[in-house]
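So the chains spell out like this:
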Amino acid sequence: MTDITIQNFEQELITESMRQPVLLDIWAPWCGPCRTLGPLLEKLEMAYAGRFKLAKLNSDDQPEIAGQLSQAFGVRSIPFCVLFDQGQPVDGFVGAQPEAQIRAFLDRHVPSADEVQAEEEVQEAQALAAEGDADAALDRLQQAVAIDPANDAARCDYVKLLLERGHVAQARQAWEPMAGKAVLDARIAALGHWLDAAEKAATARGTEALTAAIAANRRDFEARFELAQTHFAAGRFTEAMDELLEILMRDKAWNGELARKAYVAILELMTKPAPKPAAGAEAAKKGTLEVAGKAAVQAPADPVVDQYRRKLSMALF
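What counts as what
- Residues numbered from 1 in each chain as written.
- Predicted model: local features only at pLDDT ≥ 70, side-chain atom pairs only at ≥ 80, totals over all residues.
- Heavy atoms only, no water.
- Helix = DSSP H or I, 4+ residues; strand = E, 2+ residues; numbered from the N terminus.
- Buried < 20%, exposed > 50% of the residue type's maximum accessible area, 1.4 Å probe, protein only.
- Contact = heavy atoms within 4.5 Å.
- Areas by Shrake-Rupley, 256 points an atom, 1.4 Å probe, with all protein chains shown as cover.
- Lys, Arg positive; Asp, Glu negative; His and termini not counted.
- Charge placed at Lys NZ, Arg CZ, Asp CG, Glu CD.
- Disulfide = S-S within 2.5 Å.
- Pairing = 2+ DSSP bridges.
- Axes fitted to C-alpha atoms, helices over the stretch in contact; angles between N-to-C directions.
- Phe/Tyr/Trp six-rings, centres within 6.5 Å; stacked < 30°, edge-to-face > 60°.
- Patch = residues over 30% accessible without salt bridge, like charges linked within 9 Å, V, L, I, M, F, W, Y side chains within 5 Å.
- Salt bridge = Lys/Arg side-chain N within 4 Å of Asp/Glu carboxyl O.
- Parallel < 35°, antiparallel > 145°, perpendicular 65-115°, else oblique.
- Left-handed = near helix turned anticlockwise from the far one by under 90°.
- Expected span 1.5 Å × (residues − 1).
- Arc of directions from axis to C-beta.
- Polar contact = N/O pair within 3.5 Å; in protein donor to acceptor, adjacent residues only side chain to side chain.

Further remarks concern the overall build of the protein. Each helix and strand in the protein was counted, giving 15 helices and 5 strands. By principal-axis analysis of the C-alpha atoms, the protein measures approximately 90 × 40 × 35 Å. Looking at the 317 residues of the protein, the share that counts as buried comes to 43%. For the protein, the proportion of contacts with a sequence separation of at least 24, taken over those separated by at least 6, is 64%. Surface summary for the protein: the accessible area is close to 16100 Å², and the carbon and sulfur share equals 52%. Here the protein carries 34 positive and 47 negative side-chain charges, and the mean point of each set is 5 Å from the other.

Here it is in structure tokens:
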């Protein structure tokens, strides 16, 4: 439990909520219901074992923060609790609620114990992969998916590493539970295209035969796409996009826009994820209080990805 002041608001509430949900309890010493609610919240913080952090704000001592939050939510009474997640106030409740009702509130926003454990496995896998121990990283990701099967981010990392290691059948099995979400999730769709390429590469013609077919007929799109799939399957992404681009420049709509879809999938796989936003950074610069942090953050620039995005744009438009 942390006492919030104007001095530590940025670090202990906004920035801390990027790491885990933070429940802010706005109270006052003269408030009877506050004295009932406070110990209950402290008990729940212990019971949830690190799945959320409790912060307390004395509205008499910190009227500026309490006033902004009250105005933002249209609340004029205490106790008043606001849940912060990813630098933003996302929900709240007023009054000394029963324990069961507060647990229901928390469970709508706070990760489950399995989700927390799975995320720890993912972080450990990322560290192991960075150290070059791909096999150990695979084991960690497999555990993460087993613990929390609904964690699509962990499942995507697992499928990606399986494909990088050449375990195509396992990758297909791991990807299938997400297949229905491919229409709405670009990363899941991209992994599906990579899987298709890896499966087809097993029976593809050799590179020499495909190159000869293309040399004999530059509009042999079947051969060119087969060559692109071979490069794609092996992780030679730029080589694959070069071949796909040749198709797009000649026939954008070929085979249901299959070349464009594969090209976009490769760009998605090559694009580094955006870092978590530095919540409230602008407020820190200005020396003023902002209740909500800045959520939108650009992914780090990659000159190769940017170059191939421009090539795609020129070919399509």
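Alright, that's what it looks like, and here's the rest.
Moving on to the state of the cysteines. In the structure shown here, the tally under the stated rule is 1 disulfide. Through a disulfide, Cys31 is tied to Cys34; the S-S separation comes to 2.5 Å. Disulfide Cys31-Cys34: the torsion about the S-S bond is 80°, which places it as right-handed. Here Cys31 and Cys34 have matching classes, each one buried.

This next bit is on the sheet that holds strand E4 (residues 80-85). If you trace the 5 strands from one edge of the open sheet to the other, you get E1-E3-E2-E4-E5, paired in mixed fashion. In the strand order of this sheet, the two ends are held by strand E1 (2-3) and strand E5 (88-94), each with one partner. The sheet contact formed by E4 and E5 spans 6 bridges and is antiparallel. Bridged to Phe84 within E5 is Pro89. Against the sheet, helix H3 (residues 63-73) makes contact with strand E2 (22-27), strand E3 (53-58), E4 and E5, and its axis sits at roughly 85° relative to E4, the strand it touches most.

Next up on the list: the side chain of Glu16. Among the secondary structure elements, Glu16 is positioned in the loop between helix H1 (9-15) and E2. Owing to a relative accessible area of 12%, Glu16 belongs among the buried residues under this scheme. Among all residues touching Glu16, those that are not within four sequence positions of it are Gln11, Val22 and Lys53.

With that settled, the discussion passes to the packing of aromatic side chains. Remark: the centre distance and the inter-plane angle together describe each pair of aromatic rings, the angle taken between the planes. Per the stated rule, a full pass over the model turns up 9 aromatic pairs. Ring plane angle 70° and centroid distance 6.1 Å describe the contact between Phe221 and Trp254, whose orientation is recorded as edge-to-face. Remark: Trp254 occurs in helix H13 (residues 254-270) and Phe221 occurs in helix H11 (residues 221-233); sequence separation between them is 33 residues. One exposure class covers both Phe221 and Trp254, and it is buried. Pairwise contacts between aromatic rings join Trp194, Phe232 and Phe237 into one cluster.

A cluster of acidic residues, Glu124, Glu131, Asp133 and Asp139, forms a negative patch at the surface. With respect to the element layout, Asp139 can be found in helix H6 (residues 134-147). Classification of Asp139 by relative accessible area gives partly exposed; the value is 43%.

For the rest of this paragraph, the subject is the environment of Gln173. The residue Gln173 is located in helix H8 (residues 168-175) in this model. On the basis of relative accessibility, which here comes to 62%, the residue Gln173 falls in the exposed class.

A word on the packing of helix H7 (residues 152-164) against helix H9 (residues 186-201). Relative to each other, H7 and H9 sit at 25°, their axes nearing to 11 Å. With respect to each other, H7 and H9 are oriented roughly parallel. As H7 runs across H9, the sense of the crossing is left-handed. From H7, Asp152, Ala153, Cys156, Asp157, Val159, Lys160, Leu163 and Glu164 reach across to H9, where they touch Arg187, Ile188, Leu191, Trp194, Leu195 and Ala198.

So, about helix H15 (residues 303-316). Taking 1.5 Å per residue, 14 residues should reach 20 Å; H15 reaches 20 Å between its end C-alpha atoms and fits that length. All buried positions along H15 are accounted for by Val305, Tyr308, Leu312 and Ala315. Relative to the axis of H15, the buried residues are bounded by an arc of 85° and lie together on one face. In H15, the exposed positions that point more than 90 degrees away from the buried face belong to Pro303, Arg310 and Met314. The elements touched by buried residues of H15 are helix H12 (237-250) and H13. Near the N-terminus of H15, the side chain that reaches the backbone nitrogen of Val304, with its oxygen 2.9 Å away, is that of Asp302.

That's the geometry; what it means functionally is another story.
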